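Here is how the chains run, residue by residue.
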Amino acid sequence: MSLTGGQRNDITQLMPLIAAIPPVRGRRGRPRQRPGRVYADRGYDHDKYRRQVRDKGITPVIARRGTGHGSGLVEQSIALLHWFRRLRIRWEIRDDIHEAFLSLACSIICWRRLTNLSLC
């Protein structure tokens, strides 16, 4: 997750966000440097950006415009973030405080997902 100004176009932050992904740990040996796939909504549907993501060795899973919903994962993630009232409407003037609440909310969502998977 990254935080930008309200009037910035999302597509300008796609490649810097991918570059900021830390190495994936887990198995022995050299850690993976990139994820296998990147999920995005229709706002990122452009062949230029699909090509840039593929050049990094990542499979883009981006919904096409004018078609049915893709995976729904991005929309679901935004909906989960809106559960946190403080993120639904930005009350903080300072962006570092808002980013801290956003990081906390993302951590809570991931924790809930992982605990639900371990119960199955």
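Look a little higher up for the structure.
Residues numbered from 1 in each chain as written. Predicted model: local features only at pLDDT ≥ 70, side-chain atom pairs only at ≥ 80, totals over all residues. Heavy atoms only, no water.

## Some points on the overall build of the protein
Using the following cut-off: Numbering of helices and strands runs from the N terminus; a helix is a DSSP stretch of H or I covering at least four residues, while a strand is a stretch of E covering at least two. Using a 1.4 Å probe on the protein chains alone, a residue whose accessible area is under 20% of its type maximum counts as buried, one over 50% counts as exposed, and one in between counts as partly exposed. Here the open area of atoms and residues is found with the Shrake-Rupley method and a 1.4 Å probe, where only the protein chains shown may cover a residue.
Within the protein, the secondary structure is distributed over 5 helices and 2 strands. If you list the helices and strands of the protein from N to C, you get α-β-α-β-α-α-α. Taking all 120 residues of the protein together, the buried fraction comes to 21%. For the protein, the exposed area adds up to about 9500 Å²; of that, 54% sits on carbon and sulfur atoms.

## Structural notes on the state of the cysteines
Quick reminder of the rule: The rule for a disulfide is simple: a pair of cysteine sulfur atoms within 2.5 Å.
Enumeration according to the criterion identifies 0 disulfides in this entry. Free cysteine: Cys 106, not disulfide-bonded; nearest cysteine sulfur from Cys 110 at 6.7 Å. Residue Cys 106 is classed as partly exposed on the basis of its relative accessible area of 24%. Looking at Cys 110, the relative accessible area reads 46%, which means it is partly exposed.

## Let's talk about the nonpolar core
Put simply, the rule is: To form a nonpolar core, buried Ala, Val, Leu, Ile, Met, Phe, Trp, Tyr and Cys residues must be joined to one another through side-chain atoms within 4.5 Å. Pairs of residues are marked as contacts when any of their non-hydrogen atoms sit within 4.5 Å.
Counting residues in hydrophobic clusters, the biggest one holds 10 residues: Ile 11, Leu 14, Ile 18, Val 38, Ala 40, Tyr 44, Tyr 49, Val 53, Ile 58 and Ile 62. Those elements that place two or more of their residues in this core are helix 1 (14-19), strand 1 (37-40) and helix 2 (47-55). Apart from the residues within four sequence positions on either side, Ile 58 is in contact with Ile 18, Arg 34, Pro 35, Gly 36, Arg 37, Val 38 and Val 53. Of all hydrophobic cores here, the second largest spans 7 residues; its members include Leu 80, Leu 102, Ala 105 and Ile 109.

## Some remarks on the pattern of salt bridges
Pairs can form between side chains of opposite charge whenever their charged atoms are close. Which entries qualify depends on this criterion: Salt bridges, as used here, are contacts in which a Lys or Arg side-chain nitrogen is within 4 Å of a carboxyl oxygen on Asp or Glu.
The final tally for this structure, using the stated rule, is 4 salt bridges. Note that Asp 96 and Arg 94 form a salt bridge whose closest N and O atoms lie 2.7 Å from each other. In this structure Asp 96 comes out as partly exposed when scored by relative accessible area, which is 40%. Through salt bridges with shared partners, one network takes in Asp 45, Asp 47, Arg 50 and Arg 64.

## Quick look at the side chain of His 98
Relative to the elements of secondary structure, His 98 occurs in helix 5 (residues 95-119). The exposure class assigned to His 98 is buried, which follows from its relative accessible area of 8%. Among all residues touching His 98, those that are not within four sequence positions of it are Leu 3, Leu 87, Arg 90 and Glu 92.

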